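Understanding the architecture of this molecule
Spelled out, the chains give:
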Amino acid sequence: MKPKLSLCWIRRDLRLADHRALFEACCVSQSVAVVFVYDTTILEKLKDKNDRRMTFINKSLQLVDQKLRDKGSALITLYGDPCEEIPLLATRLSVEAVFCNRDYEPSAKERDKIVADLLQSKGIAFHSYKDQVVFEGLDIATKTGNSFRVFTPYKRAWLEKLAIEDIRIFRPNLKKLTPIKYLKATLVSRTLNDIGFQNAKIWLEAGEDAAQKRLTKFLKNIDNYEKIRDLPGEGGTSGLSVHLRFGTISIRSLVREAFKFKSKGSKAWLSELIWRDFYQMILDRFPNIVEHTFLPQYDQIKWPGSNAHFNAWKEGRTGYPLVDAAMRHFNATGWMHNRLRMVVASFLTKDLLVYWRRGEQYFAENLLDYDLAANNGGWQWCASTGCDAQPYFRIFNPVNQSKKFDPKGKFIRNNVPELAKFTDKRIHWPHGATIEEQKKALCMMGKDYPRPIVDHSLQRAKALQLFKSIKNNLVN
Ligand SMILES: Cc1cc2nc3c(=O)[nH]c(=O)nc-3n(C[C@H](O)[C@H](O)[C@H](O)COP(=O)(O)OP(=O)(O)OC[C@H]3O[C@@H](n4cnc5c(N)ncnc54)[C@H](O)[C@@H]3O)c2cc1C
C-alpha cells in the first residue's frame, strides 16, 4: 500500500542536516518527499542568464538530490509559480501536509499565505517553522512588547534570552524519506540550460558539505576574527554568507560553534550573526523598508548624483583606489568584504550623492549572497536613512579607510593592477605622486588610471547640507 505522504518544500534551506521543517515532517508523517520549485516569478526578473546564484542553487540542489538518492529517495524539482505548483503536486501525490521553513521577505510571506490557503481549501495542512534565524518577530521584544529599533539593546536581549533549546539540532529521521519508486512520475531532470540559464563561474563550492568545510577552516582562526575582520586583504571572515543565504548551513549550528570559543574573536563573530537576525526581524516587522526609508523624513531627499558618476562607481573607475578595487573585485566575483561594502556604499551616497536605492539594486542584481534584509539594512545604514544607522554627519574618508584597512595596498594591488607599482604610502592616493613617481610606477594619472571624479571634502560638505536641509524643513 502507498504510504501517506507529507511534502517538505525547501526554498532557502538547501540542506538535509539540522533542518527544522524536514525534522518536523519526519516526526509526524509516515513518509516525506522533498521538493524545490524553480520559481518563475523570480527567475523571469533575472536579466543575466549567467547569474551566479542560479549556478550555486543548481549545484546545491544536485547535492541534496544525491544525498536523498543515497537514502533511497530523490528530490522533486518543479518549474513554475509555486502558488500553483505546490498545491498541484500536493494533490497529485495525495499528501496530508506540506512543511516548510519560514521566509521573512514580504513577497515570500504573501506567497506562503496563498499556498497555505489553497492547500487548506483542499484539506491539506500547511506547517511553517522558524529555522532561518534564531529569533524571529517579537521573540525579542522591548519591555513594552515592541520591536527593537536599535541593535545594541536588541543584542543584549538576544543574548539574555538565548537558551539551549533555541540552538538545538533538528536531525531529521531520514528513514522516513519517501522511496523513489513512489516519486518516479514526478521526477523530471532539469539542467540549468533547460530553465534558460548558463553555468557561471563561482568562487566557492556549493552544498552543505562545502559549507561545513568552510566553517571548519574558519573556526581554526576564529580567535583572530576581531583583529583581522576589517582587513579585506587578509580573508579573515568566514565567507559563509552565501551558505547562510541559501541555507546550505544552519544558523543554529554557527551559533553553537561560536559559543564553544570564549575569545574576543568568537564574540565579535557571534555579534555579526546577531546583526543578521536583527535585520531579518526589521524586515519582518517593518516591511515598508522595501519601498521607504526606515526614518521617514529621509524619503524626501532628492539625491543629486549623476548617471555618469553612478556608472563610474559601478565600473570601478572613480579615481579612488580602494573604491575601484572593491567594485572591480565585486564585478569579477559577485562578492564583497563587509568593510568594502561600507566604503563603497558610503562613497556612492555621501561622495557621489547618488540615490542609495541605485546601489542597493546593483548589489541585489550581482551579490552572490544577496539577501533583501541584510542588503537593505546595510544600504540604509550607510545612507544614514535606516534604523540605528551611521549618523549622517559621520562620513567615511575613502582615502583614510584605505590607509587603515588596506595598509600595504595588498587588496588594491590585486584588483587595480595598474597601481601595483606605487609604494605602500602612495597607493592610497596616487594623484599626489610626482610625475617622476608616476613614471617609475608605469602609471600616469589621467591616462593609465582615472583622475578622481569628485573632491571628497567638497562632496562631504554637500552631503551634510543635503541632510541638514531635511532637518531644517522638519523644524520649520
Ligand atoms: C551595503 C551593504 C550591503 C550588504 N548586503 C548583504 C547581503 O545582501 N547579504 C548578506 O548576507 N550580507 C550583506 N551585508 C552584510 C555583510 O557585508 C556580509 O554579510 C558579510 O560581508 C559576509 O561575509 P562573511 O560571510 O565572511 O561574514 P562574517 O564576518 O564571517 O560574518 C558571519 C555572518 O554574519 C552575517 N553578517 C555579517 N555582517 C552582517 C551585517 N552587517 N548585517 C547582517 N548580517 C551580517 C552574515 O550572514 C555573515 O555570513 C551587507 C552589508 C553592507 C554594508
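Residues numbered from 1 in each chain as written. Predicted model: local features only at pLDDT ≥ 70, side-chain atom pairs only at ≥ 80, totals over all residues. Heavy atoms only, no water.

Time to look at the site of the ligand. Looking at the ligand, there are 27 residues lining it, with Tyr225, Thr237, Ser238, Gly239 and Asn338 nearest. A distance of 2.9 Å is found between a nitrogen atom of the ligand and a side-chain nitrogen or oxygen belonging to glutamate 272. Protein contact buries 95% of the 820 Å² of open area that the ligand shows by itself. Among the elements of the structure, helix H9 (241-246), helix H11 (264-285), helix H14 (338-351) and helix H16 (372-382) are those that each provide at least two residues to the shell around the ligand. With 6 residues, H11 is the largest single contributor of residues to the shell around the ligand. Tallied by class, the residues present in the shell around the ligand amount to 15 nonpolar, 7 polar and 5 charged. Domain assignment of the residues forming the shell around the ligand places at least three in each of domain 2 (133-169 + 208-285) and domain 3 (296-471). (Near = heavy atom within 4 Å. Polar contact = N/O pair within 3.5 Å; in protein donor to acceptor, adjacent residues only side chain to side chain. Areas by Shrake-Rupley, 256 points an atom, 1.4 Å probe, with all protein chains shown as cover. Helix = DSSP H or I, 4+ residues; strand = E, 2+ residues; numbered from the N terminus. Nonpolar A, V, L, I, M, F, W, Y, C, P; charged D, E, K, R; others polar. Domains from an automatic or database assignment.)

Turning our attention to the pattern of salt bridges. Under the criterion given, the structure shown has 32 salt bridges. One salt bridge in this structure joins lysine 260 and glutamate 257, with 3.1 Å as the shortest N-O distance. Here lysine 260 pairs with glutamate 257, and both are found in helix H10 (residues 251-260), just 3 residues apart, close to one helical turn. Under the relative-accessibility criterion, glutamate 257 is labelled buried at 19%. (Salt bridge = Lys/Arg side-chain N within 4 Å of Asp/Glu carboxyl O. Buried < 20%, exposed > 50% of the residue type's maximum accessible area, 1.4 Å probe, protein only.)

Annotation of the protein chain at the domain level lists domain 1 (1-131), domain 2 (133-169 + 208-285) and domain 3 (296-471). The centre of domain 2, based on its C-alpha atoms, is set 27 Å off from the matching centre of domain 3. Taken together, the contact pairs 22 residues of domain 2 with 20 residues of domain 3. Contact between domain 2 and domain 3 buries roughly 1800 Å² in total, counting both sides, with carbon and sulfur atoms accounting for 62%. It is Asp230, Pro232 and Tyr279 that lose the most area in domain 2 upon contact with domain 3, and together they represent 34% of the buried surface on that side. (Contact = heavy atoms within 4.5 Å. Buried area = accessible area lost by both parts, 1.4 Å probe.)

This next bit is on unusual backbone geometry. Positive phi, close to 50 degrees, is recorded for aspartate 388, a residue that is not glycine. Structurally, aspartate 388 is set in the loop between H16 and helix H17 (398-405). By relative accessible area, aspartate 388 is classed as partly exposed at 30%. Notably, leucine 442 is not glycine yet its phi reads approximately 55 degrees, a positive angle. Inspection of the secondary structure assignment puts leucine 442 in the loop between helix H19 (435-440) and helix H20 (456-475). Given the relative accessible area of 62%, leucine 442 is considered exposed.

Another aspect to go through is helix H1 (residues 20-28). Within H1, 7 of the 9 residues are buried, which leaves the element mostly enclosed by the surrounding structure. Inspection of H1 places Arg20, Ala21, Leu22, Phe23, Glu24, Ala25 and Cys26 among the buried residues, and these make up the whole buried set. As for H1, its buried residues are in contact with strand E1 (5-9), strand E2 (31-39), strand E4 (95-101), strand E5 (125-129) and H10.

This paragraph deals with the environment of leucine 295. With respect to the element layout, leucine 295 can be found in the loop between H11 and helix H12 (307-315). Judged by relative accessible area, leucine 295 falls into the partly exposed class, the value being 27%. Between the alpha carbons of leucine 295 and glutamine 380 there is a distance of 9.3 Å; along the sequence they are 85 residues apart. Not counting residues up to four positions away in its chain, the partners in contact with leucine 295 are Ser384, Thr385 and Gly386.

In contact at an axis separation of 7 Å, H12 and helix H13 (residues 321-333) are set at 70 degrees when each is read in the N-to-C sense. Between H12 and H13, the crossing angle belongs to the class labelled roughly perpendicular. In this structure, H12 uses Trp313, Lys314 and Glu315 to contact H13, whose residues at the interface are Val323, Met327, Arg328 and Asn331. Of the residues belonging to the contact of H12 with H13, the class tally is 3 nonpolar, 1 polar and 3 charged. (Axes fitted to C-alpha atoms, helices over the stretch in contact; angles between N-to-C directions. Parallel < 35°, antiparallel > 145°, perpendicular 65-115°, else oblique.)

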